[in-house]
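Survey of secondary and tertiary structure
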Amino acid sequence: DGGITQSPKYLFRKEGQNVTLSCEQNLNHDAMYWYRQDPGQGLRLIYYSQIVNDFQKGDIAEGYSVSREKKESFPLTVTSAQKNPTAFYLCASSRGRLSGANVLTFGAGSRLTVL
Amino acid sequence: AQKVTQAQTEISVVEKEDVTLDCVYETRDTTYYLFWYKQPPSGELVFLIRRNSFDEQNEISGRYSWNFQKSTSSFNFTITASQVVDSAVYFCALSEAYSGGGADGLTFGKGTHLIIQP
């Protein structure tokens, strides 16, 4: 079945460490996204990518980095510069601009806790 | 700037009651799309519905129905005869045509936590 796989599901990190969250999709979608979810805050866009080797900052990109070397993969690195990284991270994908109205398909999420 | 407001942070009802989740949006675009997603305790967001700004017809899918009113910038979601399995966080979201109809991402409300008590 097609879908989005995020790993790890749970991750613990010490302060000052970088950590990379994996996101892989087999939906043949062009666009991919990273959202951050905090209690009572809804979902906020971190980065998105419309095409391989290109990505754009979302609303809260500071302290995060991404790469898009393959269509299927869009890993997110939470760097030590991110002041409050403890959150639930959701990856999503969609068909992209050429398809018109985009329905985003989401992964199951990764919960990052900084100790 | 686009904005989605879900004023109800948490709603608790007894099973079999009807419940309406409110969603109010702001947009400068004349062409836009509205969405509802469900997030069960497992965490993954599940797509429920998408409507475009030119289609104001109400939609019904089983026990779910949606009321889109451009005059009040609202896109409310009603669950009829609620069940325990409906317990989840529900998100309303918006995308504008100029941003690729959501290709640049959706703007989400803060969500409404719906609790259905047996």
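Before any of the text, the structure's been laid out above.
Anyway, here's the lowdown on the structure attached to this text.

Rules behind the numbers
Residues numbered from 1 in each chain as written. Chains lettered and ligands numbered in written order. Predicted model: local features only at pLDDT ≥ 70, side-chain atom pairs only at ≥ 80, totals over all residues. Heavy atoms only, no water. Disulfide = S-S within 2.5 Å. Helix = DSSP H or I, 4+ residues; strand = E, 2+ residues; numbered from the N terminus. Buried < 20%, exposed > 50% of the residue type's maximum accessible area, 1.4 Å probe, protein only. Contact = heavy atoms within 4.5 Å. Buried area = accessible area lost by both parts, 1.4 Å probe. Salt bridge = Lys/Arg side-chain N within 4 Å of Asp/Glu carboxyl O. Polar contact = N/O pair within 3.5 Å; in protein donor to acceptor, adjacent residues only side chain to side chain. Pairing = 2+ DSSP bridges. 1 Å grid on protein atoms, 1.4 Å probe; cavity = no way out; pocket = protein on both sides within 12 Å on 5 of 7 lines; lining within 4 Å. Points joined across faces, edges and corners; volume = space filled by probe spheres on them. Nonpolar A, V, L, I, M, F, W, Y, C, P; charged D, E, K, R; others polar.

Let's talk about the state of the cysteines
Residues and elements named next belong to chain B. Within the structure shown, the criterion is met by two disulfides over all chains. The side chain of Cys-23 participates in a disulfide bridge whose partner is Cys-92; the two sulfur atoms lie 2.0 Å from each other. Its torsion about the S-S bond being -65°, the disulfide of Cys-23 and Cys-92 is classed as left-handed. Within this pair, whereas Cys-23 is found in the loop between β3 (19–21) and β4 (24–26), its partner Cys-92 is found in strand β10 (residues 88–96), the two being separated by 69 residues in sequence. Like Cys-23, the residue Cys-92 is buried in the burial classification.

A closer look at the interface of chain A and chain B
Each partner contributes residues to the interface: chain A has 24 residues there, and chain B has 23 residues. Roughly 1,800 Å² of surface becomes buried between chain A and chain B when both sides are summed, with 53% attributable to carbon and sulfur atoms. At the surface where chain A touches chain B, the tally comes to zero salt bridges. Counting across the interface, chain A meets chain B through three residue pairs in polar contact (both at pLDDT 80 or more). The set of elements that each furnish at least two residues to the side of chain A that touches chain B consists of β4 (31–38), β5 (42–51) and β9 (87–94) of chain A.

Topic: unusual backbone geometry
Note that the residue after Ser-7 of chain A, namely Pro-8 of chain A, is joined by a cis bond; omega there is -5°. Note on placement: Pro-8 of chain A falls in the loop between β1 (4–7) and β2 (10–13). Positive phi, normally seen in glycine, also occurs at Asn-53 of chain A, with a value near 65°. Residue position: Asn-53 of chain A is located in the loop between β5 and β6 (54–57). We note that Ser-73 of chain B has phi near 50°; this positive angle belongs to a residue other than glycine. In this fold, Ser-73 of chain B is placed in the loop between β8 (64–69) and β9 (74–79).

Some remarks on the pairing of β4 of chain A
Residue and element names in this part refer to chain A. Counted residue by residue, β4 has eight buried out of eight residues, so it is predominantly covered. Neither face of β4 is open: one carries Ala-31, Tyr-33, Tyr-35 and Gln-37, the other Met-32, Trp-34, Arg-36 and Asp-38, and all of them are buried. Bridge count for β4 against β9 is seven bridges, and the pairing is antiparallel. Across the sheet, residue Ala-31 finds its bridge partner in β9, namely Ser-94. Across seven bridges, β4 lies against β5 in antiparallel orientation. Paired with Met-32 across the strands is Ser-49, a residue of β5. From the end of β4 to the start of β5, which pair antiparallel, there are three residues, and Gly-40 there has a positive phi angle of about 75°.

Focus: the layout of surface pockets
Put simply, the largest pocket is a space of about 600 Å³. If you trace the largest pocket, you find 31 residues lining it, with Gln-37, Pro-39 and Gly-40 of chain A together with Gln-39 and Val-89 of chain B closest to the centre. If you tally residues by element for the lining of the largest pocket, the top one is strand β12 (residues 112–117) of chain B, at four residues. Each residue belonging to the lining of the largest pocket can be placed in one class, and the counts come to 12 nonpolar, 15 polar and four charged.

In short, geometric facts, not functional conclusions.
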